[in-house]
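# A structural walkthrough
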Amino acid sequence: MTEPTEPPTGPTLLIVDDDAPLRTRLATAMERRGYQVTVAESVAAGIAAARGVRPLYAVCDLKLGDGNGLEVVQAVRAARPDARIVVLTGYGNIATAVAAVKAGAVDYLAKPTDADAIEAALRAQGDKLPSPPEQPMSADRVRWEHIQRVFEQCERNVSETARRLRMHRRTLQRILNKHAPRD
């Protein structure tokens, strides 16, 4: 007679997003791929889950209803230093991507994205460079991203940003009031 064994369990995954339909769809898709999924909808719940579950993988939205998702990234990294964390955002720019990586994320994906892209980012290994994008950012978009990064570094001070970028303050204000250029 053989002794009963526990069913094999997959790697642990924490999903933190305040968009309930996205969170549910992503959790279902990742469970089908064999992950043990824990979900949270806020910074507070995400930090608590990170400490309790100590997930191997995490997917975290950047902007949550009660704060910044980077707090969750730091909590996951503190609970499990070898965790692989992907940050999702609908408000992507270079400054926030850099902040996410500095906080401990291994990748940064713009919404909308799918479970395949998220899993590929979570599982990516080594120093292999990703293939070049099919449609890289336009020069206008690169300029806009640079301006946004300097603006954030100057703590959203228009006058200081204009001085550092060597442009007229009113010109900068017009640029900041426009939406990001389409690629």
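Residues numbered from 1 in each chain as written. Predicted model: local features only at pLDDT ≥ 70, side-chain atom pairs only at ≥ 80, totals over all residues. Heavy atoms only, no water.

### Notes on the sheet that holds strand 3 (residues 57-61)
The strand order across the open sheet built from 5 strands is 2-1-3-6-7, with neighbouring strands paired in parallel fashion. The open sheet has two edge strands with one neighbour each: strand 2 (36-40) and strand 7 (107-110). Across the sheet, the mean angle separating the axes of adjacent strands is 20° when strand polarity is ignored. Each of strand 1 (12-16) and strand 2 touches helix 2 (residues 43-53); the most contacted strand, strand 1, lies at about 170° to it. (Pairing = 2+ DSSP bridges. Helix = DSSP H or I, 4+ residues; strand = E, 2+ residues; numbered from the N terminus. Axes fitted to C-alpha atoms, helices over the stretch in contact; angles between N-to-C directions. Contact = heavy atoms within 4.5 Å.)

### Points about helix 3 (residues 70-79)
Buried within helix 3 are the following residues: Leu70, Val72, Val73, Ala75, Val76 and Ala79. Tucked inside the fold, the buried residues of helix 3 contact strand 1, helix 2, strand 3, strand 5 (67-68), strand 6 (84-89) and helix 4 (94-103). (Buried < 20%, exposed > 50% of the residue type's maximum accessible area, 1.4 Å probe, protein only.)

### Concerning the confidence of the model for the protein
Scored by pLDDT, the protein has a mean of 85; 86% of the residues are at 70 or more. Every residue in residues 1-8 scores below 50 in pLDDT, and together they form 0 contacts with partners more than four places removed in sequence or on other chains. (pLDDT = per-residue confidence, 0-100.)

### Notes on the environment of Leu165
Positionally, Leu165 belongs in helix 7 (residues 158-165). In this view, Leu165 contacts His146, Ile147, Val150 and Leu172; residues no more than four positions away in its chain are not counted.

### A look at the nonpolar core
Counting residues in hydrophobic clusters, the biggest one holds 24 residues, and the most contacted among them are Leu14, Val16, Leu70, Val72, Val73, Val76 and Val87. Among the elements of the structure, strand 1, helix 2, strand 3, helix 3, strand 6 and helix 4 are those that each provide at least two residues to this core. When sequence neighbours within four positions are dropped, the list of residues in contact with Val16 reads Ala40, Ser42, Gly46, Val59, Cys60, Asp61, Leu64 and Val72. Ile15, Tyr35, Val86 and Ile118 belong to the second largest nonpolar core, which has 17 residues in total. (Core = buried A, V, L, I, M, F, W, Y, C linked by side-chain atoms within 4.5 Å.)

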